[in-house]
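# Residue-level structure breakdown
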Amino acid sequence: MKIDQIYTGCLAQGAYYIESDGEVAIIDPLRETQPYVDMAEKNNAKIKYIFETHFHADFVSGHLDLAQKTGATIVYGPGATTEFAIHQAADGEEFQLGKVKIRVLHTPGHTLESSCFLLIDEKGKEQALFSGDTLFIGDVGRPDLAQKGDITQEMLAGMLYDSLRSKIMTLPDDVTVYPAHGAGSACGKNMSKETTDSLGNQKKVNYALRADMSKEEFIKEVTDGLLPPPQYFAQNVAMNKSAQTHGVDKILERGKVALDVETFEAMANHEGALVLDTRKPQEFASGFIPNSIFIGVDGSFAPWVGALIPDLQQPIVFIAEEGREEEVVTRLSRVGYDNTLGYLEGGIEAWRKAGKEVDTITSVKAEVLKEKLEEGSANVLDVRKPGEYEAEHIEKAKNTPLDFINDEMHRIEKDTEYYIHCAGGYRSMIFSSILKSRGYDKIIDVQGGVKAIREVGIPLTDYVCPSTLK
């Protein structure tokens, strides 16, 4: 028996390859499916099943393309309805995979169809739990994504409590938990950086699995402090139910087209294409195409694209470091942005050589901000999440989270100079680029974020552990 976790850091997502006696199951595959096909072929094995733990909201699954390439059966838990053929499993149903079995545990709560998959080895031992978004390492799935009609997040949280106690916490302590996400995903609040653990240890350290926790306490704790989900979540769910979400190979080929300067400019000016700059923050600050938006490929690229670009059909042309063009297109497609039209051949240097206009953003070291604060003349925007800000921040800094920039724009005055910072310099540059594209000129990015701010001795409020904030 072979278990491989295929972890994608940008999405903080874990897909799984399980093989026994020449037969393979893939759990929660990403959209680009060829790596799974290649793994199976390398091992002279055949992909038999594609198991989906639920309708994913934070990425587009590759189930349709993978099924078309391999003939594998797509399996969802009870209650799942799609536009394409699936095997809708019953609670407790078992699937033979070579010499092992995979048992379906219906665990509603994160969503109504959410299910975990329990791997039973050749000797009949319960070996591993592929827990989807029901149980994470250190957390559980958020219960607000499947609210609909009379179904509230409190009702879903109650279902999740029952699922955990009746289906998961009754399993042996030595079962290995393999979740669908880790730290950085918006599908939970307090996920660990670890990507696997024993169930027994999770019973000891995961706040949501406390043995003495009442259902009322559970509901309060898992719903407290939930931020609104990113806007693209609902659109990704719809794509994962659709029969039209396939053909990713063609999408990737179209997006990798090299565009000369004139064609690139024409697409931006006449076809309404968004110019997306994916380079490093300081490279962007030193020179970029006017009105372009920075979202660097080296950060949480796909989730921020999904959070900040409302229309999945938005035409996109982009600038990337040489050799990373395919990576950009792939990561855009993972969250459903399929209308990428190509990249600027030669990058910003080709743009400069063609005599085109270049814009800049003032970006300073934290020492400059310190001097301004000591003079009493700096207006500071802290663009981190509310929990990060509440834990520790510059006195009098205004919390204006990047996540909600469109809602917060009215608070920012075009005639006022602002120093903008985040935790490390990535989000502040995204924030600054959006402001710049909307006509805000008096903006100054602070390099290095809170880390640099702390190092130069700028006073911060007394630290409060985020887990104690209510």
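The structure under discussion appears in the preceding block.
Residues numbered from 1 in each chain as written. Predicted model: local features only at pLDDT ≥ 70, side-chain atom pairs only at ≥ 80, totals over all residues. Heavy atoms only, no water.

In this section: the overall build of the protein chain. Helix and strand content of the protein chain: 17 helices and 22 strands. Its C-alpha atoms put the protein chain at 70 × 50 × 40 Å along the principal axes. Across the 470 residues that make up the protein chain, the buried fraction comes to 55%. Of the contacts made within the protein chain by residues no fewer than 6 positions apart, 69% connect residues no fewer than 24 positions apart. When the accessible surface of the protein chain is split by element, carbon and sulfur atoms take 48% of a total near 19600 Å². For the protein chain, the centre of its 50 positive side-chain charges and the centre of its 73 negative side-chain charges are spaced 2 Å apart. (Helix = DSSP H or I, 4+ residues; strand = E, 2+ residues; numbered from the N terminus. Buried < 20%, exposed > 50% of the residue type's maximum accessible area, 1.4 Å probe, protein only. Contact = heavy atoms within 4.5 Å. Areas by Shrake-Rupley, 256 points an atom, 1.4 Å probe, with all protein chains shown as cover. Lys, Arg positive; Asp, Glu negative; His and termini not counted. Charge placed at Lys NZ, Arg CZ, Asp CG, Glu CD.)

Moving on, we come to helix 5 (residues 215-223). Among all positions of helix 5, only F218, I219, V222 and T223 are buried. Within helix 5, the buried residues cover an arc of 110° as seen down the axis, which keeps them to one side. Turned more than 90 degrees from where helix 5 packs its buried face, E216 and K220 sit exposed. Those residues of helix 5 hidden inside the fold are in contact with helix 3 (153-168). Positive phi appears at G225, one or two residues downstream of helix 5, with a value of about 80°. (Arc of directions from axis to C-beta.)

Structurally, A258 is set in strand 13 (residues 258-259). Remark: the alpha-carbon pair of A258 and Y343, spanning 85 residues in sequence, is separated by 5.3 Å. A258 has contacts with Y343 and E345, leaving out every residue within four places of it along the chain.

Turning to helix 16 (residues 426-437), a few remarks are in order. Under the 1.5 Å per step criterion, the end-to-end length of helix 16 is 17 Å for twelve residues, consistent within 8% with the ideal 16 Å. When you tally the buried positions in helix 16, you get eleven out of twelve residues, the bulk of the element. Residues of helix 16 that are buried: Y426, R427, S428, M429, I430, F431, S432, S433, I434, L435 and K436. In the stretch just after helix 16, G439 is the one whose phi turns positive, near 90°. (Expected span 1.5 Å × (residues − 1).)

With that settled, the discussion passes to the nonpolar core. In terms of nonpolar packing, the biggest core is built from 73 residues, with I295, F301, Y337, I430 and F431 touching the most fellow members. Discounting residues that sit within four places of it in the chain, Y337 has contacts with Q231, Y232, V305, G306, I309, D311, L312, I316 and L332. The next biggest cluster of nonpolar side chains, apart from the first, holds 25 residues, and it includes L129, A157, F218 and V222. (Core = buried A, V, L, I, M, F, W, Y, C linked by side-chain atoms within 4.5 Å.)

Attention now goes to the pattern of salt bridges. Taken as a whole and judged by the stated rule, the model has 35 salt bridges. Note that E455 and K451 form a salt bridge whose closest N and O atoms lie 2.9 Å from each other. Taken together, the residues E455 and K451, both in helix 17 (residues 449-455) and four residues apart, mark about one turn of the helix. For the pair formed by E455 and K451, the shared burial category is exposed. Members of the salt-bridge network, linked through shared partners, are K280, D298, E321, R324, E327 and R331. (Salt bridge = Lys/Arg side-chain N within 4 Å of Asp/Glu carboxyl O.)

Once that is clear, we can look at the packing of aromatic side chains. Summed over the entire model, instances satisfying the criterion amount to 15 aromatic pairs. Judged by centre distance (5.3 Å) and plane angle (75°), the ring pair of Y49 and F95 falls under edge-to-face. Placement of Y49 in strand 4 (residues 46-51) and of F95 in strand 7 (residues 94-97) is noted, with a sequence separation of 46 residues between them. By relative accessible area, which is 5% here, F95 ends up buried. Considering the side-chain rings of F51 and F117, the 4.9 Å spacing of their centres and the 50° angle between planes classify their relative orientation as tilted. Linking F51 in strand 4 with F117 in strand 9 (residues 115-120), this pair joins segments that are 66 residues apart in sequence. Like F117, F51 is buried. Here a set of aromatic residues connected by ring pairs shows up, and it is made of Y49, F51, F95 and F117. Its guanidinium or amino end placed over the ring of F55, K241 lies 5.0 Å from that ring's centre, counting from NZ or CZ. (Phe/Tyr/Trp six-rings, centres within 6.5 Å; stacked < 30°, edge-to-face > 60°. Lys NZ or Arg CZ within 6 Å of the ring centre and 35° of its normal.)

So, about the pairing of strand 16 (residues 316-319). With burial as the criterion, each face of strand 16 is covered, one bearing I316 and F318 and the other bearing V317 and I319. Where strand 14 (residues 274-277) lies against strand 16, four bridges are found, and the strand directions are parallel. Looking at the pairing, V275 lines up with V317 of strand 16. In this structure, strand 16 lies alongside strand 17 (residues 340-344), joined through three bridges in parallel fashion. When the sheet's bridge partners are listed, F318 is paired in strand 17 with Y343. With helix 11 (residues 325-334) bridging strand 16 and the parallel strand 17, this β-α-β connection has right-handed handedness. (Pairing = 2+ DSSP bridges. Right-handed = clockwise from strand over helix to strand, strands pointing away.)

Even without being a glycine, D21 presents a positive backbone phi close to 50°. With respect to the helices and strands, D21 occurs in the loop between strand 2 (13-20) and strand 3 (23-27).

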